[in-house]
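Now for the letters of each chain:
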Amino acid sequence: MNLCVIGTGYVGLVTGSCFAHKGHKVVCVDKDAEKIRVLNDGGMPIYEPGLEDIVKACRKDKRLRFVTDIAEGMKDAEVIFVCVDTPPTASGTADLSAIENVARQIARHLTRYVVVVEKSTVPVKTGDKVHKTILRHAPKGITCDVVSNPEFLREGSAMKDALNPDRVVLGVTSPKAAEVMKKLYADVTCPVLVTDIASAELIKHASNSFLATKISFINAVAVVCEMSGADIQLVAQGMGLDPRIGSKFLSAGLGYGGSCFPKDVAAFEQIARELGFDFSLLGEVQKINQEMRQRFLRKVEEELWIVKGKTLAVWGLAFKPDTDDIREAPAIELIQRLLEKGASVQAHDPQAMKKAQKVLPGLTCCDSAEEAAKGADALLLCTEWPVFRDFPLAKLKKLLKHPVVLDGRNLYDPVAMRAAGFDYRSVGRA
Ligand code: UDX
């Protein structure tokens, strides 16, 4: 099929390249001319395992193109995916101006029936507004259908998630659009759930909010563990053995970050409020997430007393491993606070240093984990990259000025750390 993808951020780039990889002809559009130039020069605006190879192969086979002109992008398209940003406003609601703008532009260039697909995460009822906007601005007599097809990919495993999804959700109103979408996903082996548009929109917000709630719940339990002498990993293991709870997403630590959970939980709380329901549970979820960062900083200060004039090593800047994304990353906020308090911070991250350096000019980025640890008063582990997990403890002890390790991801074994002579603190473990 001929597809157009508007917005070449995470979701757009992965969606476009995966459909091209499956044999469709895809044109990706972005108004950011620099991004399109980079992509047309064979570069990648983001780090995502496997993405570059697929983009390269699809471009070579002429199944994937990158353009800035929306009219050119949608010229032959039967399906148009809208993958533009929906950033949070100060109140937490999603800013939908980019979606509205794209809806008007699509309408202006419509020459025949198309299916317009919401891929970006949007509040419930957005599909209706997109449909009305397109019909209002489209040439007389030309119709379209709007579909909500939320994307569930995770950064770091985005290609795998998009090529082998665990479910496909299609929120549709017309049988014609349902047929087109089912044809597009005919190859998938996972369940395909066809719903109304509002339900599909809600599935995405509710899923992300539920997962964030699971993380905040286990983090709150971790705090109780610290206060009672219990061990959060044993508690999580015991809880996770109940199949109704499941063992996934029960890792306590610095809490969630990234471009989705923080934004989606806030937006879901807000949309519920606008609809008349006070979803205060989600307020607590966000509060606990923030509290985990503050508690970690307090632990640093308890260990070092005055951080001013001290040198701190930070391992990990990305919000999680296998990505260079630092949006809402706990490490970034933590470093900002430490720099404000007069500490020097030397950090290493396998992928995220370039992006971190841009937002934290006072940060010293080091080429290796070893270099970052050298001469530091303490080591703060913020992202559980394998390179940090596998680092020899004896070597680490020699590198640090003082053998103090604060582990924000429970990466190390407390018994082994103490046996190796470290002052070691983690989350929810004695
Ligand atoms: C998430 C959803 O998983 C995905 O389905 C959706 O499409 C986008 O948002 P992503 O933001 O890539 O994906 O990250 P994910 O792997 O889900 O992790 C989110 C955050 O939760 C990370 O900061 C991670 O460190 C944290 N986390 C995860 C925990 O703190 N504990 C856990 O047990 C699991």
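Residues numbered from 1 in each chain as written. Predicted model: local features only at pLDDT ≥ 70, side-chain atom pairs only at ≥ 80, totals over all residues. Heavy atoms only, no water.

S.K.: Break down the packing of aromatic side chains for me, with residues and values.
M.R.: Scanning the entire structure with this criterion turns up eight aromatic pairs. With 5.9 Å between their ring centres and 85° between their planes, Y256 and F261 make a pair best called edge-to-face. Here Y256 and F261 have matching classes, each one buried. Each member of the aromatic cluster is reached from another via a ring pair, and the members are F19, F81 and Y185. Above the plane of the ring of Y113 lies K176, whose end atom (NZ or CZ) is 3.7 Å from the centre. (Phe/Tyr/Trp six-rings, centres within 6.5 Å; stacked < 30°, edge-to-face > 60°. Buried < 20%, exposed > 50% of the residue type's maximum accessible area, 1.4 Å probe, protein only. Lys NZ or Arg CZ within 6 Å of the ring centre and 35° of its normal.)

S.K.: Residues and numbers for the domain arrangement of the protein chain, please.
M.R.: Considered domain by domain, the protein chain is made up of domain 1 (2-195) and domain 2 (285-425). With eight residues of domain 1 in contact, the opposing surface of domain 2 contributes nine residues. Taken together, the two surfaces of domain 1 and domain 2 that pack against each other cover about 650 Å², and 43% of this comes from carbon and sulfur. By the criterion of area lost to domain 2, the three top residues of domain 1 are Y10, Y47 and E155, representing 73% of everything that side buries. The tally of links from domain 1 across to domain 2 stands at one salt bridge. The residue R327 makes a salt bridge to E155 at a minimum N-O spacing of 3.7 Å. Applying the counting criterion to the domain 1 and domain 2 interface returns four residue pairs in polar contact (both at pLDDT 80 or more). (Domains from an automatic or database assignment. Contact = heavy atoms within 4.5 Å. Buried area = accessible area lost by both parts, 1.4 Å probe. Salt bridge = Lys/Arg side-chain N within 4 Å of Asp/Glu carboxyl O. Polar contact = N/O pair within 3.5 Å; in protein donor to acceptor, adjacent residues only side chain to side chain.)

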